[in-house]
Amino acid sequence: MKVLVIEDNPVNMELITQLLEDDYELVTAENGAIGLEKFRSEKPDLVLLDLSMPVMDGWEVLTHVGQDPALQTTPIVVLTAHAMKSDRDAALEAGAARFLTKPVDEDELFDVVEELLQ
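Draft legend 1. Structural detail: unusual backbone geometry. The omega torsion across K102 and P103 is 0 degrees, close enough to zero to call that bond cis. Relative to the elements of secondary structure, P103 occurs in the loop between β5 (98-101) and α5 (106-117). Phi at K43 is positive, roughly 50 degrees, even though this residue is not glycine. Along the polypeptide, K43 turns up in the loop between α2 (32-42) and β3 (46-49). The backbone phi angle of V55 is positive, close to 70 degrees, even though this residue is not glycine. As for its position among the elements, V55 is in the loop between β3 and α3 (58-66). The exposed category is assigned to V55, whose relative accessible area is 67%.

Draft legend 2. Spatial organisation of a negative patch on the surface. A surface patch of like charges, here negative, comprises E14, E21, D22, D23, D105, E106, D107, E108, D111 and E114. The element best represented in the negative patch is α5, accounting for 5 residues. Structurally, E108 is set in helix α5.

Criteria and cut-off values
Residues numbered from 1 in each chain as written. Predicted model: local features only at pLDDT ≥ 70, side-chain atom pairs only at ≥ 80, totals over all residues. Heavy atoms only, no water. Helix = DSSP H or I, 4+ residues; strand = E, 2+ residues; numbered from the N terminus. Buried < 20%, exposed > 50% of the residue type's maximum accessible area, 1.4 Å probe, protein only. Patch = residues over 30% accessible without salt bridge, like charges linked within 9 Å, V, L, I, M, F, W, Y side chains within 5 Å. Areas by Shrake-Rupley, 256 points an atom, 1.4 Å probe, with all protein chains shown as cover. Salt bridge = Lys/Arg side-chain N within 4 Å of Asp/Glu carboxyl O. Lys, Arg positive; Asp, Glu negative; His and termini not counted. Charge placed at Lys NZ, Arg CZ, Asp CG, Glu CD.

Shown next, in the form of structure tokens:
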């Protein structure tokens, strides 16, 4: 299974990569614009998406995905430091399948990824 990780922070990217690389094929992008291109070209089975990034943020990515029927069937897990209930509600309303806050709980991340890829 292929997982696209869209994350601008190198430390967070490295952590997620180390956690998942043994079990999944990973594709990475350091901002939303590159991530959206890779979303379309790589056809991942799951997307892990940060919300706060330069060039194009995660909110914009969610908007583009919501406008593209070819992308809407791929589950998106938002990984963010935005821990407010309003952020969670807005992300889920915008099309995210799950909302996880940083720092990411490793067990919760594994459980969510496994659940959504079944």
